[in-house]
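Structure at a glance
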Amino acid sequence: MIEGLTPKQVVEELDKYIIGQEKAKRAVAVALRNRLRRQQISEDLRDEVIPKNILMIGPTGVGKTEIARRLAALADAPFIKVEATKFTEVGYVGRDVEGIIRDLADIGYRMVEDEAMDAVWEEAEKRAEARLLDILSGAKKPAPATPQIPPMLAGIFGNPPTPVPGPAPDQTGADPQRLEEERRQAERVREFTEKRLKNGELEDQEIEIEVEEQAVSSMQVFSPAGFEEMGFNMQDMLGNIFPPRKVTKRTTVAEARRILTYQEAERLVDPNDVAREAMARVEESGIVFLDELDKVAGREAGHGPEVSREGVQRDILPIVEGSTVMTKYGPIDTSHILFIAAGAFHVSKPSDLIPELQGRFPLRVELKSLGEADFARILVEPQNSLVKQYTALLETEGVKLTFTDEAIQEIARLAQHVNEASENIGARRLYTLMERLLEDLSFHAPDLGEQTVTIDVAYVRQQLKDVVEDRDLSRYML
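Residues numbered from 1 in each chain as written. Predicted model: local features only at pLDDT ≥ 70, side-chain atom pairs only at ≥ 80, totals over all residues. Heavy atoms only, no water.

For the pair helix α15 (residues 405-421) and helix α16 (residues 428-437), the least separation of the axes is 10 Å and the interaxial angle reads 125°. As the angle between them shows, α15 and α16 are arranged oblique. The chirality of how α15 crosses α16 is right-handed. On α16, the residues touching Ile411, Leu414, Ala415, Val418 and Asn419 of α15 are Arg429, Leu430, Leu433, Met434 and Leu437. (Axes fitted to C-alpha atoms, helices over the stretch in contact; angles between N-to-C directions. Helix = DSSP H or I, 4+ residues; strand = E, 2+ residues; numbered from the N terminus. Parallel < 35°, antiparallel > 145°, perpendicular 65-115°, else oblique. Left-handed = near helix turned anticlockwise from the far one by under 90°. Contact = heavy atoms within 4.5 Å.)

Okay, structure coming up:
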């Protein structure tokens, strides 16, 4: 959780995964800290403090999306990344912008549900183990109770006969001593089975269990935008009409334990409590990353039937400035959701956005293009650097990779060269170069056995010479 971290510490955490872009890191760190500060002020002023949304301006591949994603992970906040170009203005076939909040609500619900399931998982395992023991030891299910006829139907069907007071007759006609012996025998079987189950001796034994199968699970709805605009859960609405039916499944004890544990955890979690907590978390700490905002920037006259980019902006405006969106979990107020917009703005400018939308993104941060020195750091410094990733992948085959410093510098130089010669896609160029560099080694790794391979400058130049020499090929590289 982010609550104990200062803005400086947030930036330090982001530095573990993102190289450079200090201004953007500071901006998001302060915006996140302001959320914590808002929770500590008086309630009458709390609703008046709105988040200071951020507009990131910079070319592709410089870390805009990664900053927002890592920030949400630090804050344990519901996060969604959407492209502004996916949406159309009201009245046209396509996704409604309110679908952003509905998708964010789904993400928040899954987050809270996972946390709730983790909290009851230990108890669910105990209950699943008891159910497994009942199945393996052949425990009999209790006889169903005599159904009671409601008073309003008593005149139609009549009441069942009233049982006569006194000791219940022995339905089996068996001797009580024999019944007691059978009970003791069942207890011994259960104890013996429990011991074997705990020792793991029955994990591969096949048993039959009952699982719920939703009757409408295969039902599909075909429409331009589904039922998301209706604001209710179609599955829940039809749940009473088509209740889940139980089917018998034959599986191993190990797999049955997993299935039964999940079933018990679901029973222990109240979906209404999960929904309430999810809505509160989305409203108070949700983060929406709105990418490619520059693609809908511009002001057209609006003549003709084509979709207006300005119309999309006007549809985005209400959820950014604060409105209530109906979801299947309930209404969600977007007033305190943090919106982080991003775009390259090569052709258009932030001033091309409609004034109302500009005003809702008061913080503007420019991210600089990455150079050769940045690429060299990106290859080795982050905790999830490409060098660490490929080293770990090939080590599973017994091949240990080592990169010389000169090789790292050469890869960075080539990435800068290709970006200048063709399209500048920033750090994403490193993915292509690293994949091409280690292509042969990855292909033959299973046959090489245990050995150490050193990647030096000569190896880099040999494997990547075609990328540098062939301008036509590098032009289409992603």
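Quick reminder: α-helices carry 3.6 residues per turn. Residues three or four places apart thus point the same way. The end-to-end C-alpha distance of helix α10 (residues 271-285) is 20 Å, a good match for the 21 Å that 15 residues give at a rise of 1.5 Å each. Taken as a whole, α10 has its buried residues at Val274, Ala275, Ala278, Met279, Arg281, Val282 and Ser285. Against the buried residues of α10 lie α2 (22-39), α5 (99-137), β5 (287-291) and β7 (330-333). With a side-chain oxygen lying 3.1 Å from the backbone nitrogen of Asn272, the N-terminal cap of α10 falls on Asp270. (Expected span 1.5 Å × (residues − 1). Buried < 20%, exposed > 50% of the residue type's maximum accessible area, 1.4 Å probe, protein only. Polar contact = N/O pair within 3.5 Å; in protein donor to acceptor, adjacent residues only side chain to side chain.)

A word on a negative patch on the surface. Together, Glu43, Asp44, Asp47, Glu48 and Asp333 make up a region of like negative charge exposed at the surface. Tracing the backbone through its elements, the reader meets Glu43 in helix α3 (residues 43-46). Classification of Glu43 as exposed rests on a relative accessible area of 60%. (Patch = residues over 30% accessible without salt bridge, like charges linked within 9 Å, V, L, I, M, F, W, Y side chains within 5 Å. Areas by Shrake-Rupley, 256 points an atom, 1.4 Å probe, with all protein chains shown as cover. Salt bridge = Lys/Arg side-chain N within 4 Å of Asp/Glu carboxyl O. Lys, Arg positive; Asp, Glu negative; His and termini not counted. Charge placed at Lys NZ, Arg CZ, Asp CG, Glu CD.)

Glancing now at the packing of helix α1 (residues 7-15) against helix α4 (residues 64-75). In the contact formed by α1 and α4, the axes pass within 10 Å of each other and the chain directions differ by 120°. Overall, the two elements α1 and α4 adopt an arrangement that is oblique. The chirality of how α1 crosses α4 is right-handed. Between α1 and α4, the contacting residues are Val10, Glu13 and Leu14 on the first element and Ile67, Arg70, Leu71 and Leu74 on the second. Here the contact of α1 with α4 is built from residues that sort into five nonpolar, no polar and two charged. (Nonpolar A, V, L, I, M, F, W, Y, C, P; charged D, E, K, R; others polar.)

Turning our eyes to something else, we now look at unusual backbone geometry. Positive phi, close to 55°, is recorded for Gln21, a residue that is not glycine. Along the chain, Gln21 falls in the loop between α1 and α2. The phi dihedral of Phe345 falls on the positive side, at around 55°, and the residue is not glycine.

Along α1, the residues classified as buried are Val10, Val11 and Leu14. Along the long axis of α1, the arc covered by the buried residues comes to 100°, so they all point the same way. Buried positions along α1 lie against α2 and α4. (Arc of directions from axis to C-beta.)

The next thing to look at is the sheet that holds strand β8 (residues 338-343). In spatial order, the strands read β2-β5-β8-β1-β9; together these five strands make up an open sheet with parallel pairing. Whereas interior strands pair on both sides, the edge strands pair on one side only; in this sheet they are β2 (79-83) and β9 (363-366). Strand-to-strand twist in this sheet, taken as the mean axis angle between neighbours without regard to direction, amounts to 20°. Two strands pair when backbone bridges link them, and strand β1 (residues 54-57) and β8 are joined in this way by four bridges, in the parallel orientation. Across the sheet, the residue bridging to Met56 is Ala342, located in β8. (Pairing = 2+ DSSP bridges.)

Throughout the structure, instances matching the rule amount to 35 salt bridges. Put simply, Arg183 and Glu187 hold a salt bridge, and the shortest N to O gap is 2.5 Å. A residue pair is termed a helical-turn pair when its members lie 3 or 4 positions apart in one helix, as Arg183 and Glu187 do in helix α7 (residues 176-198) at four residues. When the shortest N-O distance is used, the salt bridge between Asp294 and Lys295 registers 3.4 Å. Among the residues examined, Asp294 registers a relative accessible area of 9% and is labelled buried.

By the secondary structure assignment, Glu372 is in helix α13 (residues 372-380). Taking the C-alpha atoms as reference points, Glu372 and Ala412, separated by 40 residues in sequence, lie 5.2 Å from one another. Among residues more than four places away in sequence, those in contact with Glu372 are Gln409, Ala412, Arg413 and Gln416.

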